[in-house]
Every structure is written in C-alpha cells, then in structure tokens.
Amino acid sequence: MKKEIIQPAKCLTGAVELPGDKSISHRYAMLAALAEGTSELRHFSAAADCHSTLDCVRALGAEVKIDKDTVRVTGRGARGLKSSWRALDAGNSGTTMRLLAGILAGQNFSSKLTGDDSLQKRPMKRVIAPLREMGADIRGREDNFAPLEIHGAKLHAIDYKMPMPSAQVKSAVLLAGLFAEGGASVTEPARTRDHTEIALEEFGASVEKSGLTIRVHPLGGGNGRKKLTARPLDVPGDLSSAVFFLAAASLLPGSNLLIHNVGLNPTRTAILDVFAEMGASIEMLGVKSSQGEVIGDLAVKGASLKGGVIAGRRIPLVIDELPMLAALAPYTEEGIEIRDAGELRVKESDRIAALAENLRRLGASVEERPDGLKVAGRDAGTLHGAEIDPRGDHRIAMAFAVAGLAAEGNTVIRDADCASVSFPTFFAELNRLLER
Ligand code: S3P
C-alpha cells in the first residue's frame, strides 16, 4: 500500500500524456473478441479495469497480444466464444461486469462472473432485470450482487425503457441484443455516453438511433444478418482522466498545460461546460471526427473558479467527474453544491461519504446529503494538508492529490496505488508537470 506525499505547488506546465479512454477500450476489446479477424487497438487504456476486460475475453477464447499500448485481439466470431473453466474476474470494474453480463447471457454455455470486494457490493439487479426479461438465466447473491452465474440462453427481443440513465445498463442490453432473436431496443430517460453504439457501428453491426432510442439488430452468418469484422482502431485519450489535470492547472495560477488527443465525444464533454460556467480557461483545439468519435486537444490555464450548483439531467453526464469537482469546491468563490447524485454512493466507493470525510480532514466545511453534498467556498477558510483515505477508489485518490496541491502543508494519499484502476501513471505525470 503505497503512500504518496503531495506538497504544495506553484503551477503545472507542459504536455500531459493521457491513458486511452477507459470506456472505449472496454468496448473495443469486447467487440473485437466477437469479431472475425485481428483488431489492432492502438493507445488502448493502461487502466487495470481494461486489463480485467482483456483477461476475461482471453478466458473466453479470444487471443490477446499486448505490446505496450497496442493490443491485438483476434476474435472468435459472433458464435465462437467458448466457456471459461474458471470464474471470469472483473476486478474493480463495473463496466467489465455489466457489459460482459449482456454478452454472456446470449451464449450457449454457462459462466461465472466475479470481482473484488468493492465490485461485489455494487448493484447488478439493474442488468439482471432486463436480461432476464430477454429470457436470460442469471443468478446473483441476493439477486443483486456478484458473483453472478449466467446460464446462456436463447434470448428474445426487448424494447427496454430504462428506469435510470446508465450507459452500462444500456450497453448490456444492446450487447445481449446482438444474440437475441429480433435484436433489442433501449430508450434512455436521459442521454448517457454513446460509445457502445458508435463502436458497434465501427465493427459493422446494424444500429439505428432515433431520439433517445437505440436499436441493434442480431448478428448472424446468413439471412442478410451482419457479422462483426476486425478493425484497426485508435483509442482517444481519456477525458475523465484529463479532468484531474484540467482541475490542477485551473487551481494553480500561472499554470499552462496542453493535453493532446483527448476524446471529446459530446456525451462526455458536459464537464467542460461546467468548467466554462465556473470561469475556467480551457480551450478546445483541432477538434475532428475519428472512427465515429470526436478528438481534439485541450489547452488550460490557471483561473479563479466561481463554483455553483450541479444537478438534474447533467448528473449522469458528469458522474465520474463529480469527485474532482467536489474536491475543488473549497477553492472556489461560492463553493459547490451537488444534487440528484445518489448514484455516487454505489460507485467504486460510497463517493459522497468518501468526499465528505476527506474534505473535512483538509478543513473544508461540508454538508453531506443522501443525494450529494454542499461544500463551502474559499471564504470558509484555508485548507491544510492531511492524511487522505481514498477507500480504494481511484478517483477519490486523484481528486485529493489535486486538492492537496493548493493546501497549506503536505497531504498524504494513503493506498495511492489504487489510481492504477484508471490511470497507472497519474502520480508520475503529476510530478513531472509540477513546479514547486
Ligand atoms: C461507464 C458508465 C458510467 C460511468 C462508468 C463508466 C461506461 O456508469 O460512471 O465509470 O463505460 O459505460 P453508469 O452506467 O453506472 O452510470
């Protein structure tokens, strides 16, 4: 359990090296495993989560070769996966477990999906329920938690109206739809990240979109049905990882950072709107489309942040960025209030509780609520360094490393290795760009 010591810093300058996008890497790995041929996935995420996905697809019979950040996956074709003799281990990764559950539900074999202590506490009913409606036989502890036993079955079509906005649930149903007689459609209550839809099209599946409804047609060899074909694909840099650097550079006056090749898919960039409304100086440069996604560079400079309220339909679009925003709050003019974000309690940790506890350790004034928190701004006093307990949660560890840069005295991040779940080189990258 490695500790990281964060000393107060003056500014950040230079160019950030980001890992490949975690959400996109998961999807490319899974679809490449179902495709015919070898897909070369470049700038594949270094995140431990995505490597859990690679381990799982390998156990299901795909060939996976890793050469630095290039991953070559040789797929087994739509009907070619084989049963794994051991349980599939999703590690800390909710995306691995929920998306794979969709694929495994439609196979002609049984599987067991498990994960670490944190993942075994996260709700799976949200995918079990729609997959069962499609005819899947899935059993979990208390009908909600991993390990999941999935007995592959002949699936039938579904038109699923999602009760909650979740890209993982949407993706699980769409992936199951590839194996269902009649396919599947999903209607979202609010827009969520659309990487699955885009990746399905890139690999050659037949996808239709109309408003908040997405329909996928089943795969097959004949009958005019599509199959998935291997492809070379470039994974954009992960905007959710970039956010820690956008926050750090905004926080420290005199900072000047460039972040190249960031994924700027519009279902992910709500965080940039939030930053802009708070007065951050972030410029998008060279924006272009690439393989269905949007990429570009970001230039960020130090700025004084106003703070504000984040709530409603925006929440699912910035859900992974809320820890960083909350940890910045005590440095803003008005503080930050987060509402309608009860979902944060069932992420890699109870993020509302973890944020409240660690913000208080730094001396911030916090009101914890069932669905969010209200953190007072800079008038409430200066923060002082403290020992942070990230509760094994990568985004909490990174958010407080950033907050510690502007506190008085040193901040210690306990169990800092947990950052590897999404960003293994985070602390090295931060230290490389800092001026003290
Ligand atoms: C993700 C979807 C989101 C997000 C998670 C990644 C994905 O989860 O928080 O980090 O890759 O689909 P939910 O679908 O549970 O909102």
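What you see is a predicted model, and the numbers here were worked out from it, not measured in a lab. (Residues numbered from 1 in each chain as written. Predicted model: local features only at pLDDT ≥ 70, side-chain atom pairs only at ≥ 80, totals over all residues. Heavy atoms only, no water.)

A closer look at the domain arrangement of the protein
By the assigned domains, the protein splits into domain 1 (4–20 + 236–435) and domain 2 (22–222). Taken over C-alpha atoms, the centre of domain 1 sits 29 Å from the centre of domain 2. Between domain 1 and domain 2, the contact holds 26 residues from the first and 27 residues from the second. With both sides pooled, the region where domain 1 packs onto domain 2 buries about 2300 Å², and carbon together with sulfur makes up 48% of that total. Counting every contact that joins domain 1 to domain 2 gives three salt bridges. Close ionic contact of Arg 126 with Glu 343 constitutes a salt bridge, the shortest N to O distance being 2.6 Å. Across the contact surface, domain 1 and domain 2 share 16 residue pairs in polar contact (both at pLDDT 80 or more). At the level of elements, helix H9 (315–318) and helix H12 (394–404) are the ones that each hand at least two residues to the side of domain 1 that touches domain 2. Classifying every residue of the side of domain 1 that touches domain 2 gives eight nonpolar, nine polar and nine charged. (Domains from an automatic or database assignment. Contact = heavy atoms within 4.5 Å. Buried area = accessible area lost by both parts, 1.4 Å probe. Salt bridge = Lys/Arg side-chain N within 4 Å of Asp/Glu carboxyl O. Polar contact = N/O pair within 3.5 Å; in protein donor to acceptor, adjacent residues only side chain to side chain. Helix = DSSP H or I, 4+ residues; strand = E, 2+ residues; numbered from the N terminus. Nonpolar A, V, L, I, M, F, W, Y, C, P; charged D, E, K, R; others polar.)

Details of the site of the ligand
Looking at the ligand, the residues that line it are Ser 23, Arg 27, Thr 95, Arg 98, Ser 166, Ala 167, Gln 168, Arg 193, Ile 319, Asp 320 and Lys 347. Here Ser 23 contributes a side-chain N or O atom positioned 2.7 Å from an oxygen atom of the ligand. At a separation of 3.0 Å, an oxygen atom of the ligand approaches a polar backbone atom of Ala 167. Relative to its unbound accessible area of 390 Å², the ligand is 93% covered by the protein chains. Within the residue set of the shell around the ligand, elements represented by two or more residues are helix H1 (22–34), helix H3 (94–105) and helix H5 (167–177). (Near = heavy atom within 4 Å. Areas by Shrake-Rupley, 256 points an atom, 1.4 Å probe, with all protein chains shown as cover.)

Remarks on the packing of aromatic side chains
Aromatic ring pairs are reported here in terms of the distance separating the ring centres and the angle at which the planes meet. Inspection of every chain in the model, using the stated rule, returns six aromatic pairs. Consider the rings of Phe 244 and Phe 426, whose centres lie 6.0 Å apart with planes at 70 degrees: the pair is edge-to-face. In this pair, Phe 244 is assigned in helix H7 (residues 239–251) and Phe 426 in helix H13 (residues 426–433), connecting sequence segments 182 residues apart. Since its relative accessible area comes to 2%, Phe 244 is described here as buried. Judged by relative accessible area, which is 1%, Phe 426 ranks as buried. An angle of 80 degrees between the planes, with centres 5.0 Å apart, marks the rings of Phe 426 and Phe 427 as edge-to-face. Aromatic rings pair up to connect Phe 244, Phe 245, Phe 423, Phe 426 and Phe 427 into one cluster. In this structure, Arg 86 packs its charged tip against the face of Trp 85, placed 6.0 Å from the ring centre. (Phe/Tyr/Trp six-rings, centres within 6.5 Å; stacked < 30°, edge-to-face > 60°. Buried < 20%, exposed > 50% of the residue type's maximum accessible area, 1.4 Å probe, protein only. Lys NZ or Arg CZ within 6 Å of the ring centre and 35° of its normal.)

A few points about the pattern of salt bridges
Inspection of every chain in the model, using the stated rule, returns 39 salt bridges. The partner of Glu 202 in a salt bridge is Arg 231, with the nearest N and O atoms 2.5 Å apart. Of this pair, Glu 202 sits in helix H6 (residues 195–202) while Arg 231 is found in the loop between strand E13 (213–216) and strand E14 (233–234), placing the two residues 29 residues apart along the sequence. According to the relative accessible area criterion, Arg 231 is partly exposed, its value standing at 24%. Linking Arg 369 and Glu 367 is a salt bridge whose minimum nitrogen-to-oxygen distance equals 3.0 Å. With relative accessibility at 41%, the residue Glu 367 sits in the partly exposed group. Each of the salt bridges in this network shares a partner with another, and the network as a whole consists of Lys 3, Glu 387, Asp 389 and Arg 414.

A word on the pairing of strand E2 (residues 11–16)
Relative to strand E24 (residues 434–435), E2 runs antiparallel, the two being bridged by two bridges. Bridging from a neighbouring strand, Cys 11 pairs with Glu 435 of E24. Direction of pairing for E2 relative to strand E15 (residues 256–263): parallel, over a ladder of four bridges. Bridging across to E15, Val 16 finds its partner in Ile 259. (Pairing = 2+ DSSP bridges.)

So, the packing of H1 against H6
At their nearest, the axes of H1 and H6 sit 10 Å apart, and the two run at 35 degrees to each other. Viewed along their axes, H1 and H6 form a crossing whose handedness is right-handed. Across the interface between the two elements, Ser 23, Ile 24, Arg 27, Tyr 28 and Leu 31 of H1 pack against His 195, Thr 196, Ala 199 and Leu 200 of H6. Of the residues contributing to the contact of H1 with H6, the split by class is five nonpolar, three polar and one charged. (Axes fitted to C-alpha atoms, helices over the stretch in contact; angles between N-to-C directions. Left-handed = near helix turned anticlockwise from the far one by under 90°.)

Side note on the sheet that holds strand E6 (residues 88–89)
Taken in spatial order, the four strands line up as E6-E7-E9-E8 in an open sheet, and their pairing is mixed. On the outer flanks of this sheet lie E6 and strand E8 (137–141), each paired with one strand and no other.

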